[in-house]
Amino acid sequence: MPSSPSQIRLRWIYIAFLLSLLAILAHGLIPHRKLQLVPSADIASLYSDEQSGGNTRAEWIDRDSYHFRCTYIEEAASSKYCGMNIAQGDGLKQGVDFSHFKYIALNLEYTGNAPILRVYFRHYGENYSTRSDSQRTAKYNRSLIPIEHLHDTLTLNIRQFTVADWWIARYGATQELLQPEFTNIINLGIDTPANTPVGVHEFRVVSMEAHGEWISREHWYLFIGCFWFVALLLVSFQKYVTLRRQVSDSAQKLNEAITKARKLEAESAKYRELSQIDQLTQTLNRRGLMQTIDRYDHAKNWFSTAVILLDVDHFKQINDNYGHNSGDKVLAQIGRILRENVRTQDDVGRWGGEEFILICPKTTAAGATAIAEKIRAIIDYKTFSIENDFRVSVSVGISIGHRSEHFEDVYHRADHALYEAKNSGRNCVVVAAEDAALA
């Protein structure tokens, strides 16, 4: 059975993981970087304080084998020195970069009574060295070697080198100058430090090599990490392309589904709205009114909200005298009058039969009365032309919501006020007794 794409991908991940593990273990097998310093073709020379008026002698025993002798005649003093110097690069300004090396392997034979020898690297820096006197101004990085450590090839870690105190005292102790540098070494060599005992000191440098890594373990691991990053990036990109192709293939179906859903949503909204509208009066029906009432109840928002109940007077006689069709036309015209004479924030609906209700937020008793009187007057003065011209009047009851009230509380007072309007001869507006004082 052929392998699935996911199985093939998993197989490649296992292979890549195994190769990465082998690469981690293989770092130790990478050949080291080497730089032979002794013997070499670079210029080797001797120096001593005899060149500046002292009496310490430096002389070659065998120049080809880097075999030389230093003779201290008088008592040791801090100004006395003697040693061998090997130029690197041009020996003046352009040197060799030793920063990639980790240690110096030194095979040195010594005869004499000095307790300590010294290996040094001179670094030329543009901000503190001068070409005319680079031998003195180049930074002096040195490592001190106890004589008892010379029985085998000695390993000097580059990190063991420090800047000599006398050089720091002469050129300043800034943070930059305190740090040893190895990127531009113009000289290296071996000598004896200050206070070396008098006598003959014989040196023979058998070999001297700089060792380092072509690629550090940290960089090797970073390379492996970058490999995995690129591999994961490629896998992610492949998945992205696949998903994009799938999305592109299904885009038309998706657009069709969205279009269909929008049509269904529009139709649903239309039918939802129609289900809340009274078809005869084009005002809210009982269901639509109950949704509004529930919203007010849930928000506890009846405070300063007016409830206006409006009932058509002697409506039964209209139906009896002119027929139910004429009665429906009267209700339709009253519905239009209500819609045209309420505020945008007011809700108006048919509560049942010939009774209408208005819910007016942020309205005082006086404001509600003004709205009701306006509507009552319009209806009272209107001539309803159905089959014969006749007049219609309405009776209105008003109540204003108080704090912490529900719809039933406000409605009960408005209904009672409507009852009083009916008993007061109809065609009038009555405010509930509890709310009249707030008018």
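Counting restarts for each chain, with residues numbered from 1 along the sequence as it is written. Given that the model is predicted, a residue must reach a pLDDT of at least 70 before its local features are reported, and side-chain atom pairs must reach 80 or more before they are shown or counted; all residues, however, enter totals for whole chains, interfaces and linings. Computation of side-chain values: all heavy atoms of the structure, hydrogens and water removed.

With seven of seven residues buried, strand S18 (residues 394-400) lies mostly within the body of the structure. Side chains of S18 alternate between two faces, with Val394, Val396, Ile398 and Ile400 and Ser395, Gly397 and Ser399 buried alike. At least two bridges found by DSSP between two strands are what make those strands a pair. Each helix is a run of H or I in the DSSP string that is no shorter than four residues. Each strand is a run of E no shorter than two, and both are numbered from the N terminus. Bridge count between strand S13 (residues 306-312) and S18: seven bridges; the pairing is antiparallel. Residue pairing in the sheet places Ile308 in a bridge with Ile398 of S18. For S18 and strand S19 (residues 429-431), the ladder comprises three bridges, and the chain directions are parallel. What sits directly across from Val396, in S19, is Val429. Handedness of the crossover is the feature at issue here: the chain leaves S18, passes through helix H10 (residues 407-423), returns alongside S19, and the resulting connection is left-handed. Think of it in three bands: with a 1.4 Å probe and only protein chains considered, a residue is buried below 20% of the maximum accessible area for its type, exposed above 50%, and partly exposed in between. Whether a crossover is right-handed comes down to one check: with the strands pointing away from the viewer, does the path from the first strand over the helix to the second run clockwise; if it does, it is right-handed.

What follows is about unusual backbone geometry. Here Val38 and Pro39 are connected by a cis peptide whose omega angle stands at -10°. When you line up the elements, Pro39 lands in the loop between strand S1 (32-38) and strand S2 (44-48). Positive phi outside glycine occurs at Lys300, with the angle close to 50°. Tracing the backbone through its elements, the reader meets Lys300 in the loop between helix H6 (286-299) and S13. Notably, Lys362 is not glycine yet its phi reads approximately 50°, a positive angle. Note on Lys362: relative accessible area 79%, which makes it exposed.

Moving on to H10. Its 17 residues place the ends of H10 24 Å apart at the C-alpha level, agreeing with the 24 Å of an ideal helix rising 1.5 Å per residue. Three or more residues of H10 are buried, namely Phe407, Val410, Arg413, Ala414, Ala417, Leu418, Ala421 and Lys422. Among the residues trailing H10, Gly425 stands out with phi positive, at a value near 105°. By this rule, a helix spans an expected 1.5 Å times one less than how many residues it contains.

Attention shifts here to the nonpolar core. Here, nonpolar core refers to any group of buried Ala, Val, Leu, Ile, Met, Phe, Trp, Tyr and Cys residues whose side-chain atoms link them within 4.5 Å. With 35 residues, the main nonpolar core has Phe98, Leu106, Val119, Phe121, Val205 and Met208 as its most contacted residues. Sorting elements by how many residues they give to this core places strand S6 (residues 101-111) first, with five residues. Ile334, Leu358, Ile375 and Val394 belong to the second-largest nonpolar core, a separate cluster that totals 31 residues.

So, on to the environment of Asp409. The topology assignment puts Asp409 in helix H10. Taking the C-alpha atoms as reference, Asp409 lies 9.8 Å from Trp302; in sequence the two are 107 residues apart. We call two N or O atoms a polar contact when they sit within 3.5 Å, provided that within protein one can donate a hydrogen and the other can accept it, with sequence-adjacent residues counted only if both atoms are side-chain atoms. A distance of 3.0 Å separates a polar atom in the side chain of Asp409 from the backbone nitrogen of His406.

Another aspect to go through is a nonpolar patch on the surface. The grouping of Phe229, Val230, Leu233 and Leu234 at the surface amounts to a nonpolar patch, some 420 Å² of accessible area in total. Along the chain, Phe229 turns up in helix H5 (residues 217-275). Relative accessible area serves as the criterion here: at 56%, Phe229 is assigned to the exposed category. Patches draw on residues past 30% relative accessible area with no salt bridge. Two like charges within 9 Å are joined, as are two nonpolar side chains (Val, Leu, Ile, Met, Phe, Trp, Tyr) within 5 Å. The method behind every accessible area is Shrake-Rupley, applied with a 1.4 Å probe, and residues are considered shielded solely by the protein chains displayed. Whenever Lys or Arg places a side-chain nitrogen within 4 Å of a carboxyl oxygen from Asp or Glu, that contact is recorded as a salt bridge.

Here we come to the sheet that holds strand S5 (residues 82-87). Taken in spatial order, the six strands of this open sheet run S2-S5-S11-S7-S8-S10, and their pairing is antiparallel. Only two strands of the sheet have a single partner each, and these edge strands are S2 and strand S10 (162-163). One ladder, built from five bridges, connects S5 with strand S11 (residues 185-191); its direction is antiparallel. Counted as the bridge partner of Asn85 is Gly189 from S11.

Aromatic contacts are taken between Phe, Tyr and Trp rings whose centres are within 6.5 Å, Trp giving its six-membered ring; a plane angle under 30 degrees counts as stacked, one over 60 as edge-to-face, and the others as tilted. The final tally for this structure, using the stated rule, is 17 aromatic pairs. Taking 5.1 Å as the distance between ring centres and 50° as the angle between the ring planes, the aromatic pair formed by Tyr110 and Phe203 counts as tilted. Of this pair, Tyr110 sits in strand S6 while Phe203 sits in strand S12 (residues 199-213), and the two are 93 residues apart along the sequence. No difference in accessibility class separates Tyr110 from Phe203, as the two residues are buried. Consider the rings of Trp302 and Phe407, whose centres lie 5.6 Å apart with planes at 40°: the pair is tilted. Taken together, the positions of Trp302 in the loop between H6 and S13 and Phe407 in helix H10 put the pair 105 residues apart, joining distant regions of the chain. We note that Trp302, like Phe407, is buried. Members of the aromatic cluster, joined through ring pairs, are Phe98, Phe101, Phe121, Phe161 and Phe182. In this structure, Arg33 packs its charged tip against the face of Phe101, placed 5.9 Å from the ring centre. The ring of Phe303 has Arg403 sitting right over it, with the charged end atom 4.1 Å from the ring centre. A ring is scored as having a charge over it whenever the NZ atom of a lysine or the CZ atom of an arginine sits within 6 Å of its centre and within 35 degrees of its normal.

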